[in-house]
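# Coordinate inspection notes
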Amino acid sequence: MKRGALITLEGIEGSGKSGHLKLLAQFLQSQGFPIRVTYEPGATALGRSLRELLLHGEGLIEDPLVELFLFLSDRREHVRLVVKPLLLEGKVVLCDRYVDSTLAYQGFGRGLDLDFLLRANRLVTEGIWPDLTILLDCPPEEGLRRAKGEDRLHRQPLEFHRRVREGYLELARREPERIKVVSTSGCPKEEAQEEIRSIVLEFLRRWPRET
Ligand code: TMP
């Protein structure tokens, strides 16, 4: 079966993910690639309510497992209704956060078992895994200063954000072929964007492909 490509962007709060994703999408579109942009959590009707709960449900979500299952419910809907259909149409899907967010935040951040999280992710995604992941990296102090918004996860202690960042870097060490780290700290935005574009173009040169 021929299918599209799934490219995910990951990183801690304020790492520059969403801005870079927008620039990248515009660039790839101008190069003629069939790009679709999506995000987690919140890209479906149910997902919008889940996002509201997850980011602003102050005092409601106290248990890491409850938080986990809400993110997984959002992912399940997203894959079923958005990601899978787009991939079957042969689109290049650019997704702001996906499976690695759960591994980094709920795994390394909250301390939930990584093997269990991997299995749960495989289940809700039907094994639809990112073909390429760009991890935007910066120190949490810098990211939190830069990040807009004041949501529930943003307000976690600095130590939590440090674990998430280290977790992401550990995931990248484990899967260097899939996860490419781009630093967004101490360099102009244009420089990081250039690096992202060249990684993605290099990947897309080998696409479309038969799977
Ligand atoms: P964002 O969409 O503005 O990046 O916010 C989403 C927040 O949710 C962010 O703090 C990361 C967090 N998150 C998780 O903790 N686990 C997940 O699986 C996902 C998708 C996001």
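Our structure is the block above this text.
Just so it is clear, the structure is predicted and the values come from calculations on it, not from any experiment. All chains use their own residue numbering, which begins from 1 and follows the written sequence. The predicted nature of this model means local features are confined to residues of pLDDT at least 70 and side-chain atom pairs, given and counted, to a pLDDT of 80 or more, with totals for whole chains, interfaces and linings taken over all residues. The basis for every side-chain value is the complete set of heavy atoms in the structure, and neither hydrogens nor water enter the calculation.

## Section: the environment of Pro85
Here a strand is any run of E in DSSP of at least two residues, a helix any run of H or I of at least four, and the numbering for each starts at the N terminus. With respect to the helices and strands, Pro85 occurs in helix α3 (residues 64-88). When accessible area is computed with a 1.4 Å probe and restricted to protein chains, residues below 20% of their type maximum are described as buried, those above 50% as exposed, and intermediate ones as partly exposed. With relative accessibility at 31%, the residue Pro85 sits in the partly exposed group. Residues Pro85 and Leu114 lie 29 residues apart in sequence; the distance between their C-alpha atoms is 28 Å. Setting aside residues no more than four positions away along its own chain, Pro85 makes contact with Val79 and Arg80. In what follows, a contact means two residues having at least one pair of non-hydrogen atoms within 4.5 Å.

## As for the environment of Thr8
Position of Thr8 relative to the elements: it lies in strand β1 (residues 5-11). Distance in space between the C-alpha atoms of Thr8 and Ile134 is 6.3 Å, their sequence separation being 126 residues. For Thr8, the side chain forms a polar contact with the side chain of Thr133, separated by 2.8 Å. Any N or O atom pair separated by 3.5 Å or less is treated as a polar contact, with the protein-specific requirement of one donor-capable and one acceptor-capable atom, and with residues adjacent in sequence counted only for side-chain atom pairs.

## Some details on the packing of aromatic side chains
Stacked, tilted and edge-to-face pairs are distinguished by plane angle, under 30 degrees for stacked and over 60 for edge-to-face with tilted covering the rest, among Phe, Tyr and Trp rings (Trp via its six-membered ring) whose centres lie within 6.5 Å. On inspection of all chains with the given rule, the structure shows 2 aromatic pairs. For the pair Tyr105 and Phe160, a centre-to-centre distance of 6.1 Å together with 55 degrees between the ring planes defines the contact as tilted. Placement of the pair is Tyr105 in helix α4 (residues 99-109) and Phe160 in helix α7 (residues 158-174), with a sequence separation of 55 residues. Judged by its relative accessible area of 6%, Tyr105 is buried. Here a set of aromatic residues connected by ring pairs shows up, and it is made of Tyr105, Phe160 and Tyr168. The criterion is that NZ of a Lys, or CZ of an Arg, lies within 6 Å of the ring centre and within 35 degrees of the ring normal, and then a charge sits over that ring. Over the ring of Trp129 we find Arg122; its NZ or CZ atom is 3.8 Å from the centre of that ring.

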